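Notes for the structure review
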Amino acid sequence: MPTFDVQQFRQQFAFFQQQPEWVYLDNAATMHKPQAVIDAVTQFYQQYNSNVHRGAHQLSQRATTLFEQARSTVASYINAQHLHEIIFCSGATAALNQIAFGLMHTVLRPGDRILLTQLEHHANIVPWQLHCQRFGVIIDVVPLTPDHQLDMAAYQQLLQLKPKVVSFSHISNVLGHIQPVADMVTLAKAVGAITVIDGAQGIVYQQPDMQQLDCDFYVFSGHKLYGPTGIGVLYGKTEQLARLTPIFAGGEMIDSVSFINTTFNKLPFRLEAGTPNIAGAIGLSAAIEWLQKYNNQQIVQHKSLLLKEFYTGLTAIKAIDILSSSVHNAGIVALNVDSEHPADVAELLNQQQIAVRSGQHCAMPLFSYLARPGAIRCSFAAYNTLDDVNRCLLALEQAVEILTA
Amino acid sequence: MTLEQLLADTTPALLDIQQRDLTEIKQAKDWQAKYRVLMQLGKKLPAIPEKMKQPELLVKGCESRAWLMHYHDKATDKHYFVLDSEARIVKGLMAIMLCLVNGMTTAELCQFDLCHKFDQLNLKPYLSQSRGNGLTAMVSRIKHCCG
């Protein structure tokens, strides 16, 4: 089997030709788009643009076919059992909001409990908080071990409180740690909980198999899988999607309306109010088809090589405080320069055209737990090279030198 | 520590920045030199003690927090400020901003165009960085003091 050719892979991204001087290590925030995605979106607008599911003309039928093909591509990529289990939405945040809102009253009642983890970003905390407060539902939180991995013993104890819903990230957006999601789902199911996986960071690391994983919901954003922004997927098992009260109403989700009562359309349309992001869905589908030309195992190996080089280089720089563990890591490293504010470090990297994120990464509860004001986050993707790693290390060294001068 | 003491320490520091450091920043031969000066500026200003950092003084940036204290001398109609930030580069930039406005009258402060001044110092990019570093939030907080 030929090895992964990072240069060939990287050449598919016009961005790197346009901005050759930049080292882009902010992939956990959003990824760059290969030409195949840009072309698919452009082609849709230039050749087929029409609304879906309702036109009396051939153009609309063509757009509908492409849109529904996109659903089919996503469904087979994550091995969903049925096409209608793929709900298109604007992203992981929208999907989590739909789930949290949708389960209240139909599943969650006053006094019920749900279980989250200390690692979650705000999108997997605040929607729950918002609706749990209104409905009197109690939130429990799984703590971390001293090496910042999820405390599985505590997880099992908290499951004994019989939460109705357990919602956790596949991969931590701050630390990059990979959660043992399969075990977590099995344990949660044993106490009868509905399982929700936030795959915002997980989807690009691994092709998840819904039937094997057997979770009830899995959500992700297209733009973190080489796709366009504004498109995302809410996967749910048929019987669980049926329990969700729609968060948005209007458009195609409706079957019949009178001022006395409204009946809703069947899945997936019941949860896709308004005109969907047609071009986004087509772009996401193109991203998945393009990505499948590559061997994911080789990509994982390439990224772990980058990570290993990065960790080795970091140990040679003085005063670096690494928050992420190098084991069970999907390619995200959160770090600080001792006693310096991350905003200063990030600005000095920015001056050297190294793009990282700094701050609390929409995960304030995690940072108060870690007792840090924030961190800079270097997140690696398949198109990053060893040269990117070395340039980032050199830039960090220069930053440390300026800061400690 | 009182506001009076902080003001007494801030004003001469700002004068020093205005007389020495601004030229050095403008003439810096590379970004490293510019940033070395910028980070020294913050150190010249006194730090606001933790217990004085009341919530109403907080100016929130996306990545770091800053605090602004204001004193209006009604007899002369002049405005004086004290500020602090948890990030050194931001504090340096805010120090420059402060040395441009400290001691201004209400009318002067209202008319003050920070963008123009920062442009002259080759620092304008830092103002357009949206909410990131909190500088624009600090400008509007200062402007708010005279309104």
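Rules behind the numbers
- Residues numbered from 1 in each chain as written.
- Chains lettered and ligands numbered in written order.
- Predicted model: local features only at pLDDT ≥ 70, side-chain atom pairs only at ≥ 80, totals over all residues.
- Heavy atoms only, no water.
- UniProt positions renumbered as here; feature names shortened; annotations may be inferred.
- Axes fitted to C-alpha atoms, helices over the stretch in contact; angles between N-to-C directions.
- Helix = DSSP H or I, 4+ residues; strand = E, 2+ residues; numbered from the N terminus.
- Parallel < 35°, antiparallel > 145°, perpendicular 65-115°, else oblique.
- Contact = heavy atoms within 4.5 Å.
- Nonpolar A, V, L, I, M, F, W, Y, C, P; charged D, E, K, R; others polar.
- Pairing = 2+ DSSP bridges.

For chain B, an unreviewed UniProt entry supplies the name Cysteine desulfuration protein SufE and the organism Rheinheimera pacifica. The UniProt entry for chain B carries the following text under Sequence similarities (unreviewed entry): "Belongs to the SufE family."

Going by the annotation in an unreviewed UniProt entry, the name recorded for chain A is Cysteine desulfurase, with Rheinheimera pacifica given as the source organism. Under the Catalytic activity (unreviewed entry) heading, UniProt states for chain A: "(sulfur carrier)-H + L-cysteine = (sulfur carrier)-SH + L-alanine". Per UniProt, the comment on chain A under Cofactor (unreviewed entry) is "pyridoxal 5'-phosphate".

Turning to the packing of helix α13 (residues 342-351) of chain A against helix α3 (residues 88-101) of chain B, a few remarks are in order. The geometry of α13 of chain A relative to α3 of chain B is characterised by a closest axis approach of 7 Å and an angle of 85 degrees between their N-to-C directions. Classed by the angle they form, the pair α13 of chain A and α3 of chain B counts as roughly perpendicular. Two secondary-structure elements touch here, α13 of chain A through Asp344, Glu347 and Leu348 of chain A and α3 of chain B through Arg88, Ile89 and Val90 of chain B. Here the residues of the contact of α13 of chain A with α3 of chain B are counted per class, giving three nonpolar, no polar and three charged.

This part covers the sheet that holds strand β15 (residues 375-379) of chain A. Residue and element names in this part refer to chain A. Pairing is antiparallel in the open sheet, where four strands are placed in the order β11-β12-β15-β14. Taken across any chain shown, the strands that pair with only one partner, and hence form the sheet edges, are β11 (320-322) and β14 (357-359). Pairwise comparison of adjacent strand axes, ignoring direction, gives a mean angle of 30 degrees for this sheet. Across three bridges, β11 lies against strand β12 (residues 332-337) in antiparallel orientation. If you follow Ile320 over to β12, its bridge partner there is Val337. Sheet strands touched by helix α12 (residues 296-315): β11, β12 and β15. Its angle to β12, the strand with the most contacts, is close to 15 degrees.

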